[in-house]
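The residues making up each chain are set out below.
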Amino acid sequence: VLGTSGRQLQDSLVVDEDVQKLLAKNDLLRAKQLARMARFQGLFAYGTILQYLLERGQVNDAFEVFMDLKKRGYKTKGRFYNILISGYADSTSKFNGKADISQQKVEQLYRAFQKDHAENNPEISIIHVNSLLKVLRKAKRVDLALHLYDSLKSVRTGKLKLKPDVRTYTEMLRILSGANPEENGVDFTDIVNRAETIFYNAQNNLHIKIDSFLVRAYVSLYAYCDDLKLRGRAITILREWFRICSLEDIQKEVNIKNYSEKIWGQVLAKKGKKVLDANRSPRMLSSEDINSQKKKRFEPDEAVLRMNRELSELFNMPVTYKGNRVH
């Protein structure tokens, strides 16, 4: 009925090829039946089915296939996580956030991943963690992202079970930068403390090579918040890490009192809640430790130049970067 003999069902490559032929005809039902009949030899084909669903934005259907395999006791392979987790984020981008995504499925995926992580599944790597962090960022699940990041370190030994790389730190800073204290139930002062700790750890991790994406994720938290003092700090961070001013001007004081009432009024009109708790002082890196090594500054890209221009206008400061020259 499915066009594959019993002997062929014992060959995972043949099963996958036949599944691909069925999917080319959009015959999803028979493709799933064939993969199921092949049992363990159909696992690779199931990955192909996941790709098929995710390419069409059918994220929840892909999750159902994944969870069905988990319930049937199949050991999750790294390829499955690669396809499902990265496919989730790609689907949300490809379909402009209109892919059929549910919070319930996100939580199921998170729990399934954490179960494998806790059991030290050798198929799990930091690459999967990074992809899952991107999923949680898209789903606006700051709470789960923080738990996932914290779970990298063993509670019993205090040692890292999976070592963060530069993308791990970048994703975490992007998550914190995009967090809405009102919606996510996270105090903004705690968000700032987290961001400062993460950036400190990134700079002091000998295996990490700081790049412009990481720094941009860090400075975005301050550049787009609703606190004047922190917006002024964003300028210092930009100067420390990007060639937007001369070396002599890096530590030049930013007078936050000299702000544009018109621009700041427009910011406050948005009723933002990204402000520090008046009764608590955040633990922020000193200006000397923002770029502790002092070895490298990056050429600014359009996003950095836009931030610098907007912040300069806010504080009535001249824009010093002109093309490839600093004036």
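Reading the values: rules and limits
- Residues numbered from 1 in each chain as written.
- Predicted model: local features only at pLDDT ≥ 70, side-chain atom pairs only at ≥ 80, totals over all residues.
- Heavy atoms only, no water.
- Helix = DSSP H or I, 4+ residues; strand = E, 2+ residues; numbered from the N terminus.
- Buried < 20%, exposed > 50% of the residue type's maximum accessible area, 1.4 Å probe, protein only.
- Contact = heavy atoms within 4.5 Å.
- Areas by Shrake-Rupley, 256 points an atom, 1.4 Å probe, with all protein chains shown as cover.
- Axes fitted to C-alpha atoms, helices over the stretch in contact; angles between N-to-C directions.
- Parallel < 35°, antiparallel > 145°, perpendicular 65-115°, else oblique.
- Left-handed = near helix turned anticlockwise from the far one by under 90°.
- Nonpolar A, V, L, I, M, F, W, Y, C, P; charged D, E, K, R; others polar.
- Salt bridge = Lys/Arg side-chain N within 4 Å of Asp/Glu carboxyl O.
- Core = buried A, V, L, I, M, F, W, Y, C linked by side-chain atoms within 4.5 Å.
- Phe/Tyr/Trp six-rings, centres within 6.5 Å; stacked < 30°, edge-to-face > 60°.
- Lys NZ or Arg CZ within 6 Å of the ring centre and 35° of its normal.
- Expected span 1.5 Å × (residues − 1).
- Polar contact = N/O pair within 3.5 Å; in protein donor to acceptor, adjacent residues only side chain to side chain.

Visitor: Would you take a moment to explain the overall build of the protein for this structure?
Guide: Across its full length, the protein holds 15 helices and two strands. Within the protein, the fraction of its 327 residues that count as buried is 49%. Within the protein, residue pairs in contact and separated by at least 24 positions form 74% of the contacts whose partners lie at least 6 positions apart. Entry remark: accessible area of the protein is about 17400 Å², with carbon and sulfur atoms responsible for 49%.

Visitor: Please explain the environment of Asn308 as it appears in this structure.
Guide: Secondary-structure assignment places Asn308 in helix α15 (residues 302–314). Residues Asn308 and Ala223, spaced 85 residues apart in sequence, show a C-alpha to C-alpha distance of 8.8 Å. Sequence-distant contacts of Asn308, that is, excluding residues within four places in its chain, are made with Leu238, Ile244 and Val319.

Visitor: Can you walk me through the packing of helix α7 (residues 126–138) against helix α8 (residues 142–150) in this structure?
Guide: When two helices pack together, their arrangement is captured by the angle between the axes and the distance separating the axes. Running from N to C, α7 and α8 point in directions that differ by 165°, and their axes come no closer than 9 Å. Relative to α8, the element α7 lies roughly antiparallel. As α7 runs across α8, the sense of the crossing is left-handed. Residues Val129, Leu132, Leu133 and Leu136 of α7 form the contact with α8, whose own contacting residues are Leu144, Ala145 and Leu148. Tallied by class, the residues present in the contact of α7 with α8 amount to seven nonpolar, no polar and no charged.

Visitor: Please explain the pattern of salt bridges as it appears in this structure.
Guide: If charged atoms from side chains of opposite charge come close, those side chains can pair. All chains considered together, the criterion is met by 18 salt bridges. We note a salt bridge from Glu107 to Arg111, for which the minimum N-O separation is 3.9 Å. Separated by four residues within a single helix, Glu107 and Arg111 lie in helix α6 (residues 103–118), roughly one turn from each other. For the salt bridge of Asp143 with Arg141, the shortest nitrogen-to-oxygen distance reads 2.9 Å.

Visitor: Just to check I follow, could you spell out the side chain of Ser177 for this structure?
Guide: Considering the arrangement of structural elements, one finds Ser177 in helix α9 (residues 166–178). Take Ser177: its relative accessible area is 15%, and that puts it in the buried class. Other than its neighbours up to four places away in sequence, Ser177 contacts Ala217, Ser220, Leu221 and Lys274.

Visitor: Is there a simple way to explain α8 in this structure?
Guide: Three or more residues of α8 are buried, namely Val142, Leu144, Ala145, Leu146, Leu148 and Tyr149. In this structure, the buried side of α8 is in contact with α6, α7, α9, α10 (181–184) and α11 (188–203).

Visitor: Any chance you could explain the nonpolar core here in plain terms?
Guide: The tendency in soluble globular proteins is for nonpolar side chains to be buried as a group. Counting 99 residues, the largest nonpolar core has Leu132 and Trp241 as the members making the most contacts within it. With residues up to four places along the chain from it excluded, the contact list for Leu132 reads Ile85, Leu109, Tyr110, Phe113 and Leu148.

Visitor: Even after reading the chapter, I still don't get the packing of aromatic side chains, so can you show me in this structure?
Guide: The geometry of two aromatic rings is summed up by the distance between their centres and the angle between their planes. Inspection of the entire model under this criterion finds five aromatic pairs. An angle of 10° between the planes, with centres 6.0 Å apart, marks the rings of Trp241 and Phe298 as stacked. In this pair, Trp241 sits in helix α13 (residues 228–241) while Phe298 sits in the loop between α14 (261–268) and α15, placing the two residues 57 residues apart along the sequence. Each member of the pair, Trp241 as well as Phe298, carries the same accessibility label: buried. Consider the rings of Phe242 and Phe298, whose centres lie 6.0 Å apart with planes at 50°: the pair is tilted. With a gap of 56 residues between them, Phe242 in the loop between α13 and α14 and Phe298 in the loop between α14 and α15 connect regions that are remote in the sequence. Accessibility assignment for this pair places Phe242 and Phe298 in one class, buried. The aromatic ring of Tyr222 is capped on one face by Arg233, whose charged end is 5.5 Å from the ring centroid.

Visitor: I keep staring at α15 and nothing clicks. Help me out?
Guide: Side chains of residues three or four places apart in an α-helix project in the same direction, reflecting 3.6 residues per turn. The end-to-end C-alpha distance of α15, which contains 13 residues, comes to 18 Å, matching closely the 18 Å that a straight helix rising 1.5 Å per residue would cover. Just downstream of α15, Asn316 is the residue with a positive phi angle, here 55°.

Visitor: How should I be thinking about the packing of helix α12 (residues 212–223) against α13 in this particular structure?
Guide: Relative to each other, α12 and α13 sit at 160°, their axes nearing to 7 Å. When the axes of α12 and α13 are compared, the pair comes out roughly antiparallel. Crossing handedness for the pair α12 and α13: left-handed. For the pair α12 and α13, the contacting residues are Val215, Tyr218, Val219, Tyr222 and Ala223 in the first and Leu230, Arg231, Arg233, Ala234, Ile237, Leu238 and Trp241 in the second. Residue classes in the contact of α12 with α13 are distributed as ten nonpolar, no polar and two charged.

Visitor: Just to check I follow, could you spell out the environment of Asn121 for this structure?
Guide: Mapped onto the elements of the fold, Asn121 is located in the loop between α6 and α7. A distance of 2.9 Å separates a polar atom in the side chain of Asn121 from the backbone nitrogen of Glu123.

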